[in-house]
Amino acid sequence: MKSFLEEQDIEVSYYIPNRIKEGYGVKKNILEEFKNIGYSLVITVDTGITAIEEAKFAKSIGLDMIITDHHEMQEELPEAVAVVDLKRKDIEIDGFKDIAGCFVAFKLVEAIATELRTFWRRLYEIYGTCSYWNNSRCNANSRWKQDYSFTWYRIIKKENKW
C-alpha cells in the first residue's frame, strides 16, 4: 500500500503499533497525531472492522478513513469512506471469506490502480506474495483475477462513489 501510493506521488506515512505495549487496533491518539501532522486520510491494513468509536472520532476531527480488514465484523460497520472486508454481512462472495489481511489491502491497491488507469510494476509481484500466504485458504489463480477483481472494484466504487 505504502509503496504504491508513494509511486503515485502521494505523501505517505505509516504507523505500526507495538501490540505488546499498545494492544491491537486503531487508536484515537494516533488518529489525532496524523490529523495534527496534516494528513486527511488514514487507510488501515488488517485492522479497523471493530473500530466503531475510533472511526466516529476520526470523522469528528475531519480525518477520512478507509478500512481494510479480514476479521469478523460486529453488528455495525465503522463510519468510514470505505470498509473493505469480505466478512461484511451485506456482501456475498463465496469461497473467499478466509483470505489474509494483506490480500484485502492488495485488492484495494488493485482497484485504485484500475481507477487511476495506471500500471504499478510491483502489483503482481505483491499478488504472488499475498497468494502464497493465502494458498492454504483460497485458490488464488487466474479465476480469482477474472471473476473477483471486478467484484472488489464494484464494492469500492459502490461504497465510495469514486
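Residues numbered from 1 in each chain as written. Predicted model: local features only at pLDDT ≥ 70, side-chain atom pairs only at ≥ 80, totals over all residues. Heavy atoms only, no water.

I keep staring at the environment of Ala100 and nothing clicks. Help me out?
Considering the arrangement of structural elements, one finds Ala100 in the loop between strand E3 (82-84) and helix H5 (101-116). Sequence separation between Ala100 and Asp69 is 31 residues; the distance between their C-alpha atoms is 8.4 Å. (Helix = DSSP H or I, 4+ residues; strand = E, 2+ residues; numbered from the N terminus.)

Got a minute to help me understand the sheet that holds E3 in this structure?
Strands belonging to one sheet form pairs held by backbone hydrogen bonds; the direction of such a pair is parallel or antiparallel. With parallel pairing, the three strands of this open sheet are ordered in space as E1-E2-E3. Two strands lie at the open edges of the sheet, namely strand E1 (41-45) and E3, each paired on one side alone. In this sheet, neighbouring strand axes are inclined to one another by 10 degrees on average, regardless of whether the strands run parallel or antiparallel. As paired elements, strand E2 (residues 64-68) and E3 share three bridges and run parallel to each other. Bridging from a neighbouring strand, Thr68 pairs with Val84 of E3. Those strands touched by H5 are E1, E2 and E3, and its axis lies near 125 degrees from that of E2. (Pairing = 2+ DSSP bridges. Axes fitted to C-alpha atoms, helices over the stretch in contact; angles between N-to-C directions. Contact = heavy atoms within 4.5 Å.)

How should the pattern of salt bridges be read in this particular structure?
This model, assessed by the stated rule, comprises six salt bridges. One salt bridge in this structure joins Lys59 and Glu79, with 3.2 Å as the shortest N-O distance. Of this pair, Lys59 sits in helix H4 (residues 52-60) while Glu79 sits in the loop between E2 and E3, and the two are 20 residues apart along the sequence. Residue classification places Glu79 among the partly exposed residues on the basis of a relative accessible area of 35%. Lys87 is paired through a salt bridge with Glu72; the nearest N and O atoms lie 3.6 Å apart. Within this pair, whereas Lys87 is found in the loop between E3 and H5, its partner Glu72 is found in the loop between E2 and E3, the two being separated by 15 residues in sequence. Exposure remark for Lys87: the relative accessible area of 18% places this residue in the buried category. (Salt bridge = Lys/Arg side-chain N within 4 Å of Asp/Glu carboxyl O. Buried < 20%, exposed > 50% of the residue type's maximum accessible area, 1.4 Å probe, protein only.)

Looking at this model, I keep getting lost on the side chain of Asp69. Mind explaining?
Positionally, Asp69 belongs in the loop between E2 and E3. Separated by 3.1 Å, the side chain of Asp69 and the backbone nitrogen of Gly48 make a polar contact. Once residues within four sequence positions are removed from consideration, Asp69 is found in contact with Tyr24, Asp46, Thr47, Gly48, Ile49, Val84, Asp85, Leu86 and Val104. (Polar contact = N/O pair within 3.5 Å; in protein donor to acceptor, adjacent residues only side chain to side chain.)

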